[in-house]
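Understanding the architecture of this molecule
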Amino acid sequence: MKVIHTVAALQAELSARRAEGKSVGLVPTMGALHAGHASLVDRSVKENDVTVVSVFVNPTQFNDPNDLQKYPRTLEADCALLEQHGAAIAFAPSVEEVYPEPDTRQFSYAPLDTVMEGKYRPGHFNGVCQVVSKLFDMVKPDRAYFGEKDFQQLAIVREMVRQMHFPLEIKGCPIVREADGLALSSRNKRLTPEQRTEALQISQTLFASVEYAKTHTVPETKQFVEDRIAAAPGLRLEYFSLVDGNTLQDVSAWDDSAYIVGCITVFCGEVRLIDNIKYKE
Ligand code: PAF
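Residues numbered from 1 in each chain as written. Predicted model: local features only at pLDDT ≥ 70, side-chain atom pairs only at ≥ 80, totals over all residues. Heavy atoms only, no water.

The next point concerns the confidence of the model for the protein. In this model, the protein carries a mean pLDDT of 97, and residues with pLDDT of at least 70 account for 100%. Of all helices and strands in the protein, the one with the weakest mean pLDDT is helix 3 (residues 65-70) (92), whereas strand 5 (residues 143-147) scores best (99). (pLDDT = per-residue confidence, 0-100. Helix = DSSP H or I, 4+ residues; strand = E, 2+ residues; numbered from the N terminus.)

The next subject is the site of the ligand. In the neighbourhood of the ligand, the contacting residues comprise P28, T29, M30, N58, Q61, V131, F146, D150 and Q153. Q61 has a polar side-chain atom sitting 2.6 Å from an oxygen atom of the ligand. At 2.7 Å, a side-chain N or O of Q153 approaches an oxygen atom of the ligand. Here the ligand, which alone exposes 290 Å², has 88% of that area covered by the protein. Taken atom by atom, the bulk of the ligand overlaps the largest cavity. Here the shell around the ligand is composed, by residue class, of four nonpolar, four polar and one charged. (Near = heavy atom within 4 Å. Polar contact = N/O pair within 3.5 Å; in protein donor to acceptor, adjacent residues only side chain to side chain. Areas by Shrake-Rupley, 256 points an atom, 1.4 Å probe, with all protein chains shown as cover. 1 Å grid on protein atoms, 1.4 Å probe; cavity = no way out; pocket = protein on both sides within 12 Å on 5 of 7 lines; lining within 4 Å. Sits in = over half its atoms within 2 Å of the grid points. Nonpolar A, V, L, I, M, F, W, Y, C, P; charged D, E, K, R; others polar.)

Glancing now at the pairing of strand 9 (residues 271-280). For strand 9, the buried fraction is high: eight of the 10 residues fall into the buried class. The pairing of strand 8 (residues 260-268) with strand 9 spans nine bridges and is classified as antiparallel. Pairing of I260 across the sheet is with K280, part of strand 9. Turn length for the strand 8-strand 9 hairpin, with the two strands adjacent in sequence and antiparallel, is two residues, and the turn residue G269 shows positive phi of about 60°. (Buried < 20%, exposed > 50% of the residue type's maximum accessible area, 1.4 Å probe, protein only. Pairing = 2+ DSSP bridges.)

The end-to-end C-alpha separation of helix 2 (residues 35-47) is 18 Å, in line with the 18 Å expected for 13 residues at 1.5 Å each. G36, H37, A38, L40, V41 and S44 are the residues of helix 2 that are buried. As for helix 2, its buried residues are in contact with strand 2 (24-29), strand 3 (50-55), helix 4 (75-84), strand 5 and strand 6 (169-173). (Expected span 1.5 Å × (residues − 1). Contact = heavy atoms within 4.5 Å.)

So, on to the pairing of strand 5. Examined bridge by bridge, strand 2 and strand 5 share two bridges and lie parallel to one another. Paired with G25 across the two strands is R143, which belongs to strand 5. Across five bridges, strand 5 lies against strand 6 in parallel orientation. Bridge pairing in strand 6 places R143 opposite E169.

Once that is clear, we can look at the pattern of salt bridges. Under the definition given, this model contains 22 salt bridges. Residue D103 is joined to R105 by a salt bridge in which the shortest nitrogen-to-oxygen separation is 2.7 Å. The class of D103 is buried, set by a relative accessible area of 16%. Of the residues examined, R105 reaches a relative accessible area of 30% and is grouped as partly exposed. (Salt bridge = Lys/Arg side-chain N within 4 Å of Asp/Glu carboxyl O.)

Moving on: the sheet that holds strand 6. Pairing is parallel in the open sheet, where six strands are placed in the order 1-4-3-2-5-6. In this open sheet, the two edge strands, each paired with only one partner strand, are strand 1 (2-4) and strand 6. When the angles between neighbouring strand axes are averaged without regard to direction, this sheet yields 25°. Helix 7 (residues 124-139) rests against strand 2, strand 3, strand 4 (89-91), strand 5 and strand 6 of the sheet, and its axis sits at about 150° to strand 2. Across the sheet, helix 8 (residues 151-164) touches strand 5 and strand 6, and the angle it forms with strand 6 is around 170°. (Axes fitted to C-alpha atoms, helices over the stretch in contact; angles between N-to-C directions.)

The structure is reproduced here in structure tokens:
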């Protein structure tokens, strides 16, 4: 596996591979890689000749400077994992390489980006679209892989690709969970052992709510989740929304849509964790 730090070297490498007729898969990441990322890499390796994994903690998508500063950076371990999973290129550029000058572009995909994370993390999705569109331009992949854990991000990236006519396919990949149900996240590394136990209530509550939903209304199910998280020690709910999986707009009854997803964000101490679950698809 090659570890590349500049756009020029990346593009030289990729044009050589493309001249040989090879297809290219891109897995965009911010590093601190875990089995969830590995599942995206595995899928890309299976579906493409060359897999590029970008490892870049993108400053423009952090609305909280503390979160940016604390974001785990583990390039050496990341490269070991990527090599093991058959990635051809780890692309780990500096901030100056990606943003030689400030990116002033404004992306707006309302109403997809104004709800949930868009409401609580102003500017977050603009930063995501800035970096992802740059990565698409730099790598020109045939396919790009995103996890469904960031459910809203996936919907917004799909919309960006549609509106900007990027000639590539977006592949959404299922959430990977620990054996006990906790959704894998780079942020889990920041949890103390006690918080790790407390955080379990997030996925447990979502799983229980799917059962509960079978005999209760949408507002009752929403209340069930809110009450359980409020009663869980160490957790603070930011929001729980039951939305149409395509439009991301709130539903008020199970008949409102054929595709209903519950998206949750919870603080465990200082660590902000997200998760989601499907009620109908
Ligand atoms: O999901 C992430 O890790 C990031 O938002 C992404 C897509 C790599 C852009 O920085």
